[in-house]
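Summary of the model geometry
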Amino acid sequence: MTIKEQTFEKLSQELIKNLKKRNIDGYYFADSKSCVDAVLDMMPEKSSIAWGGSMTLKESGLMDALQSKDYTLIDRSAAKTPQESREIYAKTVLADYYLMSTNAMTIDGELINIDGNGNRVACLIQGPAHVFLIVGRNKVVSSVEGGIERVRNFASPPNAIRLNRNIPCGLTGFCHDCLSAECFCNQIVVTRRSGHTGRIKVFLINEDLGY
């Protein structure tokens, strides 16, 4: 069930408090524009910036906004060969800022992410100096178990269709717990706390964004 606007505005204060106890900074924004403006203000020009695949980043307008600033953008989609992909990933790990969303987030402040290749969760765990997560209200769940179910049955199927992946959930609309060659769900990572003060920041937006 989608969290309503007024409910999320009130809930965000609890979310920020629960993130804080996990050594993660949280911020609330009423809309995408105010969030994007704040994110850009926090990233000095000349910074190197990389990102993980995310419809939320695109829908919020952040990806377009990056083009208007003097940043060094590390774009993994520019790779033309496997070797170039490895080289770009090496630069990504050393980026000043890494942008992503989260597949789900519990009210208690835990971040749930499921990856196919693992590059996104790897950078969340370690590497880039700063990690910024842009999170719409539709990503908030009551428990880790509910978050995993959300990803498998509500996020992965439309992503499979969008990316033309040959996996069962793209055909049926629900998870089959598959072990297919193109499976999205190879890595399941729960971030229960950040070990580095000030590194992870969560930007909560009172909008439904991404899958």
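It should be noted that the structure appears before, not after, this text.
Here we summarise the structure given alongside this text. (Residues numbered from 1 in each chain as written. Predicted model: local features only at pLDDT ≥ 70, side-chain atom pairs only at ≥ 80, totals over all residues. Heavy atoms only, no water.)

1. Concerning the side chain of Ser60
The residue Ser60 is located in helix α3 (residues 55-60) in this model. Within the structure, the side chain of Ser60 is placed 3.3 Å from the backbone nitrogen of Leu62, a separation counted as a polar contact. The residues contacting Ser60, other than those within four sequence positions of it, are Ser32, Val36 and Leu209. (Helix = DSSP H or I, 4+ residues; strand = E, 2+ residues; numbered from the N terminus. Polar contact = N/O pair within 3.5 Å; in protein donor to acceptor, adjacent residues only side chain to side chain. Contact = heavy atoms within 4.5 Å.)

2. So, the pattern of salt bridges
Opposite charge on two side chains makes pairing possible when the charged atoms of those side chains draw close. Tallying each qualifying case throughout the model produces 9 salt bridges. When the shortest N-O distance is used, the salt bridge between Asp115 and Arg120 registers 2.9 Å. When sorted by exposure, Asp115 lands in the same class as Arg120, which is buried. Between Arg152 and Asp177 there is a salt bridge; the shortest N-O distance is 3.5 Å. With Arg152 in helix α7 (residues 144-162) and Asp177 in the loop between α8 (168-172) and β9 (187-191), the pair connects residues that are 25 residues apart, well separated along the chain. Asp177 gets classed as exposed once you look at its relative accessible area, which sits at 52%. Overlapping salt bridges, with partners in common, bring together Lys20, Asp25 and Lys201 in one network. (Salt bridge = Lys/Arg side-chain N within 4 Å of Asp/Glu carboxyl O. Buried < 20%, exposed > 50% of the residue type's maximum accessible area, 1.4 Å probe, protein only.)

3. Let's talk about the environment of Tyr71
Summarising the element assignment, Tyr71 is placed in the loop between α4 (62-66) and β3 (72-74). On the accessibility criterion, Tyr71 (10% relative accessible area) is buried. With 10 residues separating them in the primary sequence, Tyr71 and Gly61 have C-alpha atoms 16 Å apart. Contact partners of Tyr71, with chain neighbours within four places excluded, come to Leu40, Met43, Pro44, Glu45, Lys46, Ser47, Ile49 and Leu66. Polar side-chain contacts of Tyr71 include one of 2.8 Å to the backbone oxygen of Met43.

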